[in-house]
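Architecture at a glance
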Amino acid sequence: MSARYAVGIDLGTTNAAIAAIDLQARRRAITSLPVPQLVAEGRIGERPTLPSALYLAGTHDVPAGALALPWGEDRREVVGELARVEGARVPGRLVTSAKSWLTHGGVDRTAKILPWGASDDDVPRVSPVAASARFLAHLRAAWDAAHPDAPLAEQELVLTVPASFDEVARELTVAAAAEAGLTALTLLEEPQAAFYAWLAAHERDWEHALGGEKRILVVDVGGGTTDFTLIEARLGGATLALERVAVGDHLLLGGDNMDIALARRVEARLGERAGTLDSVRWQSLVMQCRVAKETLLGGAGETASVQLAGRGRGVVGGTLSETVTRTDVEELVLEGFFPLVAADARPRAGRGAGLREWGLPFASESEIPRHLAAFLERHHATIGGANAVLYNGGVFTPAALRERVTAVLAAWAGGSAPATLASVDLDAAVARGAAYYGLVRRGDGVRVSAGSARACYLGLGAVADDGARERLLCLVPRGMEEDHAVVLREPEFEVLANAPVSFQLYTSSSREHETPGAIVDAARDELASLPPIRTVLRHGKKLAARTIPVHVEARRTALGTLELWCAAKEGGHRWRLEFQLRDAPLLGDAATEGAGAELAVAPEQLAAAVAAIESVFPPRAPPKTPAGAPAMRPAPPTPVGPDAAHALPRALEAALGAGKDAWPLAVIRALWDALWAGAAARTATAANEARWLNVCGFLLRPGFGHELDGWRIRQLSQLLSAGVQFPRAPQNRAEWWNLWKRIAGGLDRAHQLRLHGEVGPWLVPRLARKAKVKTRVGGKPASQEIREMWQAIGACERLDARLKAELGEVIVADVERGKVTSQQLWAWSRLGAREPIAGALNCVVAADVVSRWIERALALREWPLPEAVAFALVQLARVVDDRERDLPAALRDRVAARLADLPGGTRAARMLHEPVPLDRAEEGRLLDESLPAGLRVRASVA
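In what follows, the accompanying structure is described. (Residues numbered from 1 in each chain as written. Predicted model: local features only at pLDDT ≥ 70, side-chain atom pairs only at ≥ 80, totals over all residues. Heavy atoms only, no water.)

**Here we look at the overall build of the protein**
Counting its secondary structure elements, the protein contains 29 helices and 32 strands. Looking at the protein as a whole, 56% of its 942 residues qualify as buried. Residue pairs in contact within the protein that sit at least 24 positions apart in sequence constitute 71% of those at least 6 positions apart. Accessible surface, the protein: about 38500 Å² in total, of which carbon and sulfur atoms supply 51%. (Helix = DSSP H or I, 4+ residues; strand = E, 2+ residues; numbered from the N terminus. Buried < 20%, exposed > 50% of the residue type's maximum accessible area, 1.4 Å probe, protein only. Contact = heavy atoms within 4.5 Å. Areas by Shrake-Rupley, 256 points an atom, 1.4 Å probe, with all protein chains shown as cover.)

Printed below as a string of structure tokens:
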């Protein structure tokens, strides 16, 4: 069935909008469609847009049937206007800015983590993807109810995304649409859609309106993101053609930041009257400041009142009131976000309003003109005189903000102001332009040639003798048209089939004039890295590891996403290389940078070290089977003497010519691969097993950091079922738990939960009845094993916050009894840390829970193991500049005062009062041993 309509959807951070063109009408006009939605309990009304707000109602919040929609069942959730109203009343049940969360690599964006910081146990949670899907599902249901003969899923559908969205955020947007039942669609960049809306309004006179050759700058500042786009009008013979030539990098900076900055100013004025605002009162304040900002900048009055629930009995009526003036807002927005800066101004590190609120990593520089100046310099562009600017996004609704940016551009161009293209209804422009693009895709209308906004590259490793540059294979050059496939038969690569491989991809919005297949060098500051693609290329019937020649194929789809394939030179095998959307990149992922000079290991030295491992743990190879004979089982491993196993570390040091702490990350992982190949030989003797467990943990510590560690950990996790083979040997039992302590941080959530199931009954009194008489290491664990269990479970940062809170309660009780061990305190520092090393932010224990732990510790006159308690308290209370995770300032002051006379008290005070990254020694202590050479934990507060 052919589409009746071209439909555009703007899935905005603050509001969503929909527009359409009837393809069968004689006059194909764009219609902005009002969105029916709940505007009060039991009352449906139409609004120009659908607020991107999701309210998760409690059982007794609203009467039965009050949230029913004409086209669907009565659910305990609502989106749109009523959601925004109810959310202002009960902010802890409100989900907003879901679109911004789609770009947040520090959390699992498919996990149920929103509302962020919700503390009530009965509040349901949704993922950023699911929340986005709810908004799209509402638009779909409303459309289908109004157009029963033309379902939305069967129309020419265009969905917009920020121009700066990377490949992962685009795929997550597509996943959200699919969850809403919209699988056939095209993605379009929002600034480009805004320009299409302008073109639609000037379809017959756009060349005259532009006045010849021009460069058009689109400045798009919405609720959550800031986007810059350059479009050029170029003469091709006698015809004027339009081409999108550049887009900016991702900036999580927009109206949300302005609301937060204004709320911070009001919070400071309230001071002691309000005290420390909890999440609920803070969100209420931000929402009211948003309304005040929009009202005052819109010219409706000179003042606005903000009211906040008070505390204590001294507050009249239980509320506090503060007045916000238009001067307040103009000063904050104009000078804080749109100041008059010089053309050579650039973004500054470590600055910004609204930094990390709600757990979101907002841009550290809040002054938008600085980002704009850097964008124009990167693309060798100036705007003024014969050029034009088009403003888009709800932030530019007040004319004063458009005028300010025009004044900035004029100053940069020596006083020659660019022409301003009249925006077409800022709330509806993106949806209208998307609908028009649906028409353009069918061969009508005026097309803007665009192609790929970014070049995409496959990383080939650092340039020799220059760690600041990368060697790259160009897969998709900037400007390559959509739905165009590239087959790169040269260069040819060899990859290891039936074993884990990793592909590191990079993008660049500034590099140009490259061709697919070109091998180029680029400075790292020109590149943005995408999450590595990790996979196993299955090939052949026996699935034995072997190298095969392959080439790479790439395609920028008509949908607007990137497809990559690896194709075998012979046999016709092709493998799709896909991003793992369900796995958040480790917040504490490691980078081989800034770690000083590394030990140089020659190939022959590495070969000698591998040979030393294989002499003790020979790789298990299947015996050859005569043709027609049944398959033979591998021969049992030949045991080696205990002396050989015991001497293995010394043999490795001799082969590599250095002590084990100097071995580089790549070397120790290569040694682990050899050790894993000989895993079967560990069962030959007790000495073999003890040495294998010991060396295995050392070579795979801390369980993450190398691109293939996820695969290695998954292989090793099989040992959880096997258990210790020589349980009567105390050394083997100790090495077993030492292994898991070293690598548990790299286990995925499912295996960390499984490990919790193994050790929890021995650590948590509530679970004691589940303890088995025999564990996987034998009988009842000894006290030393219990201590090792604490460290193993302490490294499991992907456990649910509630499980970690329960473990922490056990530890703080032991602190109070004076019976705590150093291993427990180490686990405490990891379980309740404000900044996880290898876990997602949605697994951090709630600040109020940790505050209660610290209060109990501070109430003690003397601490057992005072230095270890002090280190743990710093990790529990250190500042990370996130209101949800940071503890109350007064409590942090008390901790700092208590630690002042202990070693490191000055450093502790700084970490308790400002966000600072861990130093190398602190990283090593949190991992309980030295980091592998070349590994650097990348903390999010750095």
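**Side note on the sheet that holds strand 8 (residues 77-79)**
Across the sheet, three strands lie side by side as 8-7-9; this open sheet has antiparallel pairing. Whereas interior strands pair on both sides, the edge strands pair on one side only; in this sheet they are strand 8 and strand 9 (94-95). The sheet contact formed by strand 7 (residues 54-56) and strand 9 spans two bridges and is antiparallel. Following the sheet pairing, Tyr55 is matched in strand 9 by Leu94. Each of strand 7, strand 8 and strand 9 touches helix 1 (residues 81-89); the most contacted strand, strand 7, lies at about 55° to it. (Pairing = 2+ DSSP bridges. Axes fitted to C-alpha atoms, helices over the stretch in contact; angles between N-to-C directions.)

**So, the pairing of strand 11 (residues 186-189)**
The alternating pattern of strand 11 places Thr186 and Leu188 and Leu187 and Glu189 on opposite faces, both of which are buried. Judged from the four bridges that link them, strand 10 (residues 156-161) and strand 11 form a sheet pairing that is parallel. When the sheet's bridge partners are listed, Val158 is paired in strand 11 with Thr186. As a crossover connection, the stretch from strand 10 through helix 4 (residues 167-179) into strand 11 is right-handed. (Right-handed = clockwise from strand over helix to strand, strands pointing away.)

**Observations concerning the packing of helix 16 (residues 665-677) against helix 18 (residues 709-716)**
The contact between helix 16 and helix 18 brings their axes to 12 Å, and the two run at 30°. The angle between helix 16 and helix 18 places the two elements in the roughly parallel class. The crossing of helix 16 and helix 18 is left-handed. Along the contact surface, helix 16 presents Arg669, Trp672, Asp673 and Trp676, while helix 18 presents Asp709, Trp711, Arg712, Gln715 and Leu716. Within the contact of helix 16 with helix 18, the residues separate by chemical class into four nonpolar, one polar and four charged. (Parallel < 35°, antiparallel > 145°, perpendicular 65-115°, else oblique. Left-handed = near helix turned anticlockwise from the far one by under 90°. Nonpolar A, V, L, I, M, F, W, Y, C, P; charged D, E, K, R; others polar.)

**What about the side chain of Asn738?**
Tracing the sequence through the fold places Asn738 in helix 20 (residues 730-743). Residue Asn738 is classed as buried on the basis of its relative accessible area, which comes to 13%. Other than its neighbours up to four places away in sequence, Asn738 contacts Asn694 and Glu788.

**A few points about the layout of surface pockets**
Unoccupied space between atoms shows up once a probe the size of one water molecule is rolled over them. Considered as a void within the structure, the second largest pocket measures approximately 990 Å³ in volume. Surrounding the second largest pocket, 45 residues form its lining, Thr14, Asn15, Glu294, Gly394 and Asp427 being those nearest its centre. Elements supplying a minimum of two residues to the lining of the second largest pocket: helix 1, helix 7 (255-270) and helix 8 (279-297). Residue contributions to the lining of the second largest pocket peak at nine residues, all from helix 8. Across the lining of the second largest pocket, the residue classes break down as 13 nonpolar, 18 polar and 14 charged. (1 Å grid on protein atoms, 1.4 Å probe; cavity = no way out; pocket = protein on both sides within 12 Å on 5 of 7 lines; lining within 4 Å. Points joined across faces, edges and corners; volume = space filled by probe spheres on them.)

**Some thoughts on unusual backbone geometry**
Cis peptide bonds are those with omega within 30 degrees of zero, and the linkage from Leu114 to Pro115 qualifies with 5°. Each neighbour pair has its own omega, and for Arg701 with Pro702 the value is -5°, a cis peptide bond. Relative to the helices and strands, Pro702 resides in the loop between helix 17 (686-700) and helix 18. Unlike most non-glycine residues, His380 shows phi in positive territory, near 50°.

**Details of the packing of aromatic side chains**
Going through the model one piece at a time under the given rule, you end up with 14 aromatic pairs. Consider the rings of Trp101 and Trp116, whose centres lie 5.1 Å apart with planes at 45°: the pair is tilted. Pair noted here: Trp101 is in helix 2 (residues 98-101) and Trp116 is in the loop between helix 2 and helix 3 (128-146), with a separation of 15 residues, a long-range link. Take Trp101 and Trp116: they sit in the same class, and that class is buried. Taken together, a centroid distance of 5.5 Å and an interplanar angle of 35° make the contact between Phe228 and Phe375 tilted. In this pair, Phe228 sits in strand 13 (residues 226-236) while Phe375 sits in helix 10 (residues 368-378), placing the two residues 147 residues apart along the sequence. For the residue pair Phe228 and Phe375, the accessibility class agrees, reading buried in each case. Of the aromatic side chains, those joined through ring pairs into one cluster are Tyr196, Tyr436 and Tyr437. One cation-aromatic arrangement involves Arg682 over Trp692; the distance from NZ or CZ to the ring centre is 5.5 Å. Stacked on the ring of Phe698, the Lys or Arg Arg701 has its end atom at 4.1 Å from the ring centre. (Phe/Tyr/Trp six-rings, centres within 6.5 Å; stacked < 30°, edge-to-face > 60°. Lys NZ or Arg CZ within 6 Å of the ring centre and 35° of its normal.)

**Description of the sheet that holds strand 30 (residues 574-577)**
The pairing of strands in a sheet happens through backbone hydrogen bonds and is either parallel or antiparallel. Pairing within the open sheet is antiparallel, and its four strands lie in the order 22-28-29-30. With partners counted over all chains shown, the strands left at the sheet margins are strand 22 (484-497) and strand 30, one partner each. For this sheet, the mean angle separating the axes of adjacent strands, direction not counted, is 25°. Bridge count between strand 22 and strand 28 (residues 546-556): 10 bridges; the pairing is antiparallel. Across the sheet, the residue bridging to His484 is Arg556, located in strand 28.

**Quick look at the side chain of Arg733**
Topologically, Arg733 is positioned in helix 20. Given the relative accessible area of 10%, Arg733 is considered buried. A polar atom in the side chain of Arg733 sits 3.4 Å from the backbone oxygen of Lys780. (Polar contact = N/O pair within 3.5 Å; in protein donor to acceptor, adjacent residues only side chain to side chain.)

**A closer look at the nonpolar core**
Core analysis: the largest hydrophobic core is formed by 101 residues, its most contacted members being Leu217, Phe338 and Leu409. One finds Leu755, Ala857, Phe871 and Val895 within the second-largest nonpolar core, a separate group that totals 100 residues. (Core = buried A, V, L, I, M, F, W, Y, C linked by side-chain atoms within 4.5 Å.)

**Some remarks on the pattern of salt bridges**
The full count for this structure, using the stated rule, is 50 salt bridges. Where Glu367 meets Arg348, a salt bridge forms, and the shortest distance between an N and an O atom there is 3.1 Å. Here Glu367 is found in the loop between helix 9 (326-337) and helix 10, whereas its partner Arg348 is found in the loop between helix 9 and helix 10, with 19 residues between them in sequence. Residue class for Arg348 comes out partly exposed when judged on its relative accessible area of 25%. Through salt bridges with shared partners, one network takes in Asp256, Asp259, Arg290 and Lys293. (Salt bridge = Lys/Arg side-chain N within 4 Å of Asp/Glu carboxyl O.)

**Some words on the environment of Gln155**
As for its position among the elements, Gln155 is in the loop between helix 3 and strand 10. In this structure Gln155 comes out as buried when scored by relative accessible area, which is 6%. C-alpha of Gln155 to C-alpha of Arg4: the two residues are 151 residues apart in sequence and 6.3 Å apart in space. Not counting residues up to four positions away in its chain, the partners in contact with Gln155 are Ala3, Arg4, Tyr5, Val7, Trp143, Ala150 and Ala184. One polar contact links the side chain of Gln155 to the main-chain amide nitrogen of Arg4, over a distance of 2.9 Å. Within polar-contact distance, the side chain of Gln155 engages the backbone nitrogen of Tyr5 at 2.8 Å.

This is a description of form; function is not addressed.
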